[in-house]
Amino acid sequence: MKSTAPKLPGKFCRVLSFIPWINWLSVLYIGIVNTNALHIICGIVYAVVTFAVPSTAPFLWIVGIVQYIFAYRSIRKRMASAGVSSASPQEKANIHSPSPTAPGFSDMVLQGEPEKKQAVPARPQYSASTVRVSIHDPHEKFFADMKRFAQKDGKEVPFVPFMSYWPTYDSMNKSQQAWYFYWRSQVRQRNYIDTDLSYIFVLIYELLSGTGWESPRDGYEKLKRVWNAYRERFPALDRYLGDWIFDFARQYELTDFSLSEQENPHASPSAKTDLMIARHASEVPLKLSFSLIDALCDYSIVSSKFYKDGNQELMREAIPRVVALADAALQKKTGKGILDTYGPTRAKKQEYYAFASAVCPQANQKIAFTVKGYSAYPKLRAYINELVRYGENSLRNLCGCRGRLRGITLDPETSKLIDSFLTKEYGNRQRTDLSEEKPTKVVLNFENINTLREESDAVREALSVEEPESKAEKALLTDVKEVTSIYLALSPETRGLLDLLQKSAWEAPSQPGDEALIQEINRQSERYLGRALLVVENADIIAEDDYRDELAYIYENPPAIPAEEARTKCFDASLLPEEFRDFMEALSPEQEKALFAVTASVDSQPELEKIAEEALTMPQILLDDINAAAMQYLGDILIDTAEESPHILDEYAPALKKSIA
C-alpha cells in the first residue's frame, strides 16, 4: 500500500520554484508526491496558460511562488502535528548520537568479567514526535569562522569586557573581536596577558577543534599552557579543562603525553576516574595521585582546614605516600593490595560523554569501555577515607596543630605503621626547618636602650588589646559563613540536635532516631563545607573539632531564622517521584533556582545569567553541576545544553513541571 505520509520536496525543487516560465513544475511536483489534486491541477493550468498566453507569464510566476510557499508550509504543519520530522534520517540520527566514525575514538576493553550489578543506565532514546530538529547546526558558522580567522593577527587595542553564555565570534561586537585577536596573538607568543574568561573559552574551543596548532601534541601542550596561565585567576577552568584535555589526549592517542591526574584537582567519582585508577591497578606499591585519592575519599581533603592553612604541599606529598605504604603492607601480609582487597571484583561496561559542554565538532560523543567501578565502590571508598583521615591526624600532631578528625576506626597495626613512617619522614623535616632559622645577630646601643624600652612598651600597650583578638578571630572563624548557612538550612527538629550538642560541649550520647538528623546535618555540611560536620565515635555524636569555634560563634551571635513560610522552595518535593527527592536535596539554592528557570521558562538564558551573576559563577557551570548531581542520583543528565537554549529532557520535564511549587 502506498504511503500517504506528507513529504517535503528537496532543495532542488525549492530553487526551481523561483525560476520564471518553469516554476509551475515545483507546484506540480509537490502535488504529485503528496497526492494533492488541487496542486496538480494548478500546476497543469499554469503550464498551459504560460505557453498559450506568454504575456501572463510574469503574473503566473508570482502566483506559482506564492502557491508553492503555501503548500510547503501546509505540509510542514501536517508533519509537525503527525510527529514526523522534516530532517533527513541521517540528520535525525546525528541529533543525540555521536558519529560512529569520529577520528581517534573507539571502544576500550580492560581485563575482567562484566559486572552484573551497578550497571550504568543507557542514555534515553527520543521518539520522533519529541525530537527537536534544527536544519542548521547552531555552531556550524562558528566552526567555519575558526578556519577563516585561523591566521588572523590582531593589533594592540584597549581591553573590552566580554561575558557570554556560549561565547563565539558572533557574540562579540567589533571592539571585542579586535581585543580577542590581539590577545590571541599575544598568547601565541606565550605572553599571557589578563583578559576575561569568555575570551579564554573561545581560544580553548579553537584548540579543541583543531585550530591554532600544527600537530596534536602541539595542541595538547598549548591547551595545558593556557590552563596553567589562567587557572589561578579563573578557577572555573579547572572544572572543564582537566576533562577536555584528557579527552583530547585520548582522541589523538597521545599515550606518552596523556594528562597526568596530578594536574586535575577536581577529579570525582566517574567513569573517567575509574579509567585513571585502572592504569595503576598493577603497581606494587599502589601509586595513586593526590587528586585520585581525593576522588576516592568521602572526606574532602582540599576542604580541610589543615590543608587550607598552608599545608597543601605537605598533604599533596604525604597522603599518596600513606596510601602506598598501606598498600605495600597489605601486599606483604595477604599478597593482595588495596584495589584487589577492597575494590570491586568484576569489571562493568561504562560510558561517558567526551568534551561535555565544549563547543567543538566532537562535543558530547559517547565513549564506551569496560573497566572496574573503583571510584563509587563503597568498601574501597570507606578504607581510603580512613587512611586519609588518620594520615592527616598524624600530620596535624607533627605540626602542632590543635584539633583532630573524629570517628576514625583504622586498625591499630596500620595506624602504628603510618605514625612511624610520617614521624620518620616529616618529623625530622620539621626539626630541620626550625634549626635552619638562625637568630639574627643584634648589636645594642646601651646609650639608647632606655628610650627604646619606653617606645616598645608604648607600642606593646597600644597593640595588646586589639591585635591578638583580631588574629584569633580570623584564625578560628574562617568558615563561619558556611556553618551559618548549614544552621539556617536545617529543620527545627534537626537544629535541636545541634542545640543539645552545644549544651554538652559538642559531644553527646547517640539516641534512637538521631541517625536521620545526623544525615540531614551532614548532607548540608557536604554542600557547604565539602565534608561531614558530625561523626559517631564510640556511640557518641561528636562535632568535628575544626568547626566548633564557628558553631560556638553562631550560638553566641544567633542568626535570624526565617519563618517557615518565608523559606520558599521552587519545587514541591511531595509531588516528585521518590528517586528525585535525594537529588533535589543535594542541590544548592542557586542550582535549584537555575533548574526552576530552565523548567518553567521557554527562554531561560536571561534568568540563568542573573542567577549566575548573584552566585559569582557562570550559567554553564550551574547547569553542568546540576547534570553532575543528576548523574549521581538519577543515572542520567537532566538538562540538554547542546543547543543555545537549554531545556529539560522530555522524559523528566512532566514530573518537574508538575512539582513546581
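Note that this is a predicted model, so its numbers are computed, not measured. (Residues numbered from 1 in each chain as written. Predicted model: local features only at pLDDT ≥ 70, side-chain atom pairs only at ≥ 80, totals over all residues. Heavy atoms only, no water.)

### Side note on the packing of helix H8 (residues 197-208) against helix H10 (residues 238-251)
Okay, so step 1: Taken N-terminus to C-terminus, the directions of H8 and H10 make an angle of 15 degrees; their axes are 11 Å apart at the nearest point. On the basis of the axis angle, H8 is roughly parallel to H10. When you trace H8 past H10, the crossing you get is left-handed. On the side of H8, the interface is formed by Phe201, Ile204, Tyr205, Leu207 and Leu208, while H10 contributes Tyr240, Leu241, Trp244 and Phe248.
Okay, so step 2: Here the contact of H8 with H10 is built from residues that sort into nine nonpolar, no polar and no charged. (Axes fitted to C-alpha atoms, helices over the stretch in contact; angles between N-to-C directions. Helix = DSSP H or I, 4+ residues; strand = E, 2+ residues; numbered from the N terminus. Parallel < 35°, antiparallel > 145°, perpendicular 65-115°, else oblique. Left-handed = near helix turned anticlockwise from the far one by under 90°. Contact = heavy atoms within 4.5 Å. Nonpolar A, V, L, I, M, F, W, Y, C, P; charged D, E, K, R; others polar.)

### Notes on the sheet that holds strand E6 (residues 540-543)
Okay, so step 1: With respect to topology, three strands assemble into an open sheet ordered E4-E6-E5, the strand pairing being antiparallel. Two strands close off the open sheet at either side, each with one partner strand: strand E4 (507-509) and strand E5 (534-537). Across the sheet, the mean angle from the axis of one strand to that of its neighbour is 25 degrees, orientation sign disregarded.
Okay, so step 2: Sheet analysis places E5 next to E6, joined by four bridges and oriented antiparallel. In the strand pairing of E6, Val536 is matched with Ile541.
Okay, so step 3: Here helix H22 (residues 514-528) sits on the sheet in contact with E4, E5 and E6, set at roughly 140 degrees to E5. (Pairing = 2+ DSSP bridges.)

### Observations regarding the pattern of salt bridges
Okay, so step 1: For the coordinates displayed, the defined rule picks out 28 salt bridges.
Okay, so step 2: Residues Arg233 and Asp194 are paired through a salt bridge, measuring 2.9 Å at the closest nitrogen-oxygen approach. Of this pair, Arg233 sits in the loop between helix H9 (216-230) and H10 while Asp194 is found in the loop between helix H7 (174-188) and H8, placing the two residues 39 residues apart along the sequence.
Okay, so step 3: By relative accessible area, which is 49% here, Asp194 ends up partly exposed.
Okay, so step 4: Members of the salt-bridge network, linked through shared partners, are Arg389, Glu392, Arg396, Arg531, Glu544 and Asp546. (Salt bridge = Lys/Arg side-chain N within 4 Å of Asp/Glu carboxyl O. Buried < 20%, exposed > 50% of the residue type's maximum accessible area, 1.4 Å probe, protein only.)

### Considering the packing of helix H20 (residues 480-489) against H22
Okay, so step 1: For the pair H20 and H22, the least separation of the axes is 9 Å and the interaxial angle reads 145 degrees. At the point where H20 passes H22, the crossing takes the right-handed sense. Along its contact with H20, which presents Glu482, Ser485, Ile486 and Ala489, the element H22 presents Ile521, Gln524, Ser525 and Tyr528.
Okay, so step 2: Of the residues assigned to the contact of H20 with H22, the class counts are four nonpolar, three polar and one charged.

### With respect to the environment of Leu395
Okay, so step 1: Of note, Leu395 is situated in helix H16 (residues 378-398).
Okay, so step 2: On the basis of relative accessibility, which here comes to 1%, the residue Leu395 falls in the buried class.
Okay, so step 3: When near neighbours in sequence (up to four residues on either side) are disregarded, Leu395 contacts Phe306, Leu314, Met315, Ala318, Leu422 and Tyr426.

### Brief notes about the state of the cysteines
Okay, so step 1: Counted by the stated rule, this structure contains zero disulfides.
Okay, so step 2: Free of any disulfide, Cys401 has its nearest cysteine sulfur in Cys399, 7.7 Å distant. (Disulfide = S-S within 2.5 Å.)

### Side note on helix H3 (residues 37-52)
Okay, so step 1: With 16 residues, H3 extends 22 Å from end C-alpha to end C-alpha; this agrees with the ideal 22 Å at 1.5 Å per step.
Okay, so step 2: Within H3, the full set of buried residues consists of His39, Cys42, Gly43, Tyr46, Ala47 and Thr50. All buried residues of H3 lie within an arc of 135 degrees about the axis, which places them on one face of the element. The exposed residues of H3 that point more than 90 degrees off its buried face are Ala37, Leu38, Ile41, Val48 and Ala52. (Expected span 1.5 Å × (residues − 1). Arc of directions from axis to C-beta.)

### Quick word on a negative patch on the surface
Okay, so step 1: Taken together, the side chains of Glu590, Glu607, Glu609, Glu613 and Glu614 present a region of like negative charge at the surface.
Okay, so step 2: With four residues, the single largest contributor to the negative patch is helix H26 (residues 605-614).
Okay, so step 3: Turning to its location among the elements, Glu609 is positioned in helix H26.
Okay, so step 4: Taking relative accessible area as the criterion, Glu609 reaches 34% and is therefore assigned partly exposed. (Patch = residues over 30% accessible without salt bridge, like charges linked within 9 Å, V, L, I, M, F, W, Y side chains within 5 Å. Areas by Shrake-Rupley, 256 points an atom, 1.4 Å probe, with all protein chains shown as cover. Lys, Arg positive; Asp, Glu negative; His and termini not counted. Charge placed at Lys NZ, Arg CZ, Asp CG, Glu CD.)

### Thoughts on helix H27 (residues 619-634)
Okay, so step 1: The end-to-end C-alpha distance of H27 is 22 Å, a good match for the 22 Å that 16 residues give at a rise of 1.5 Å each.
Okay, so step 2: Here H27 has its buried residues at Pro619, Gln620, Ile621, Leu622, Leu623, Asp624, Ile626, Asn627, Ala629, Ala630 and Leu634.
Okay, so step 3: Tucked inside the fold, the buried residues of H27 contact H8, H10, helix H24 (578-586), helix H25 (589-600), H26 and strand E7 (639-640).
Okay, so step 4: Count one or two residues on from H27 and you reach Gly635, which has phi positive near 80 degrees.

### Looking at unusual backbone geometry
Most peptide bonds are trans, and most residues other than glycine sit at a negative phi.
Okay, so step 1: Val284 connects to Pro285 through a cis peptide bond whose omega is -5 degrees.
Okay, so step 2: Within the fold, Pro285 resides in the loop between helix H11 (271-278) and helix H12 (290-296).
Okay, so step 3: Backbone geometry at Ala505 places phi at a positive 60 degrees, although glycine is not the residue there.
Okay, so step 4: Checked against the element boundaries, Ala505 lands in the loop between helix H21 (492-503) and E4.

### Overview of the nonpolar core
In summary, soluble globular proteins display a tendency toward joint burial of nonpolar side chains.
Okay, so step 1: Ranked by internal contacts, the top residues of the largest apolar core, which has 123 residues, are Ile338, Phe583 and Leu595.
Okay, so step 2: Per-element accounting of this core gives the leading share, 10 residues, to H8.
Okay, so step 3: Sequence-distant contacts of Leu595, that is, excluding residues within four places in its chain, are made with Phe571, Phe583, Met584, Leu587, Ile626, Leu638, Ile639, Ile648 and Leu656. (Core = buried A, V, L, I, M, F, W, Y, C linked by side-chain atoms within 4.5 Å.)

### Brief notes about a nonpolar patch on the surface
Okay, so step 1: Among the surface-exposed residues, Ile19, Trp21, Ile22, Leu25 and Phe51 lie close enough to one another that they form a single nonpolar patch of about 440 Å² accessible area.
Okay, so step 2: With respect to the secondary-structure elements, Ile22 resides in the loop between helix H1 (11-16) and helix H2 (24-33).

### Regarding the side chain of Glu392
Okay, so step 1: Locating Glu392 in the fold gives a position in helix H16.
Okay, so step 2: A polar contact of 2.8 Å, which involves the side chain of Glu392, links it to the side chain of Tyr299.
Okay, so step 3: Non-local contacts of Glu392, meaning those with residues more than four positions away in its chain, are made with Tyr299, Ser304, Phe306, Met315, Ile319 and Leu405. (Polar contact = N/O pair within 3.5 Å; in protein donor to acceptor, adjacent residues only side chain to side chain.)

### Overview of the confidence of the model for the protein chain
Okay, so step 1: Averaged over all residues, the pLDDT of the protein chain is 78; the fraction at 70 or higher stands at 77%.
Okay, so step 2: By mean pLDDT, helix H5 (residues 89-93) is the weakest element of the protein chain at 34, and H7 is the strongest at 97.
Okay, so step 3: Low confidence marks residues 83-111, where pLDDT is under 50. Its contacts with residues over four positions away, or in another chain, come to 46 contacts.
Okay, so step 4: In this model residues 437-442 is a low-confidence stretch, pLDDT under 50, and it forms zero contacts with partners more than four residues away in sequence or in other chains. (pLDDT = per-residue confidence, 0-100.)

### Comments concerning the packing of aromatic side chains
Okay, so step 1: Applying the stated criterion across every chain yields a total of 31 aromatic pairs.
Okay, so step 2: Relative to Phe181, the ring of Phe149 has its centre 5.2 Å away and its plane inclined at 65 degrees; by these criteria the two rings are edge-to-face. On the criterion of sequence distance, the pair formed by Phe149 in the loop between helix H6 (140-148) and H7 and Phe181 in helix H7 is long-range, its members being 32 residues apart.
Okay, so step 3: Using a relative accessible area of 2% as the deciding quantity, one classes Phe181 as buried.
Okay, so step 4: Plain terms: the ring middles of Tyr180 and Phe181 are 5.3 Å apart, the flat faces sit at 70 degrees to each other, and that makes the pair edge-to-face.
Okay, so step 5: Tyr180 gets classed as buried once you look at its relative accessible area, which sits at 0%. (Phe/Tyr/Trp six-rings, centres within 6.5 Å; stacked < 30°, edge-to-face > 60°.)

### Examining the environment of Ile626
Okay, so step 1: Position of Ile626 among the secondary structure elements: in helix H27.
Okay, so step 2: Residue class for Ile626 comes out buried when judged on its relative accessible area of 0%.
Okay, so step 3: Put simply, Ile626 and Glu592 are 34 residues apart on the chain and 8.4 Å apart in space, counted from C-alpha to C-alpha.

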